[in-house]
Amino acid sequence: QAQLVESGGGLVQAGGSLRLSCAASGRTVSSYAMGWFRQAPGKEREIVAVIDWSGSTTYYADSVKGRFTISRENAKNTVLLQMKSLKPEDTAVYYCAADSFPRRISFSFTGFGSWGQGTQVTVSS
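Residues numbered from 1 in each chain as written. Predicted model: local features only at pLDDT ≥ 70, side-chain atom pairs only at ≥ 80, totals over all residues. Heavy atoms only, no water.

**Side note on the state of the cysteines**
Then step 1. Evaluation of the coordinates by the stated rule reveals one disulfide.
Then step 2. Residue cysteine 22 pairs covalently with cysteine 96 via a disulfide, S to S 2.0 Å. In this structure the cystine formed by cysteine 22 and cysteine 96 twists about its S-S bond by roughly -75°; its chirality is therefore left-handed. Highlighted residues: cysteine 22 in strand E3 (residues 18-25) and cysteine 96 in strand E9 (residues 92-99), separated in sequence by 74 residues.
Then step 3. By relative accessible area, which is 1% here, cysteine 22 ends up buried.
Then step 4. For cysteine 96, a relative accessible area of 0% translates into the label buried. (Disulfide = S-S within 2.5 Å. Helix = DSSP H or I, 4+ residues; strand = E, 2+ residues; numbered from the N terminus. Buried < 20%, exposed > 50% of the residue type's maximum accessible area, 1.4 Å probe, protein only.)

This is the structure:
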C-alpha cells in the first residue's frame, strides 16, 4: 500500500481558497485513481472528488462542483485539490485516498485501500 500524507488544510474565511496536497510514498500511484473525501463532525465520510489514473476523467460531488478542482502530477506522485469559494459547510477533515486496484475508477470510499491521516479544513462565516 502507498503511504499518503495530506497538507494544506487550515482556517479560512467564507469565500476564500485553499489548496490541499497529497503526497504518496512507498509505491507509485500513477496507475491508480485517487480521491478526496471529507468527514464533518457527526456526519458520515463523503466523497468530494475523484480523478482516474490518467487524469482524463474526474468526478465531483454536487456540493463542490464548480468550486473544487482535483488534479494530479504523476511525476511527483502527488494529487491536488484546489478549493475556491469555500463555505462554512465545507468544514471537515479532508482525506486523500488511493484506489485499491490499478487502472479503474471507484466512486465509493469502499473502493479505496490506502488513506492518509487527514487534514482539517475550517471555514468561518
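**Focus on the sheet that holds E3**
Strand pairing in a sheet relies on backbone hydrogen bonds. The paired strands run either parallel or antiparallel.
Then step 1. Taken in spatial order, the four strands make up an open sheet running E1-E3-E8-E7, and their pairing is antiparallel. For this open sheet the edge positions go to strand E1 (3-7) and strand E7 (68-73), each flanked by a neighbour on one side alone. Across the sheet, the mean angle from the axis of one strand to that of its neighbour is 15°, orientation sign disregarded.
Then step 2. In this structure, E7 lies alongside strand E8 (residues 78-83), joined through six bridges in antiparallel fashion. If you follow threonine 69 over to E8, its bridge partner there is glutamine 82. (Pairing = 2+ DSSP bridges. Axes fitted to C-alpha atoms, helices over the stretch in contact; angles between N-to-C directions.)

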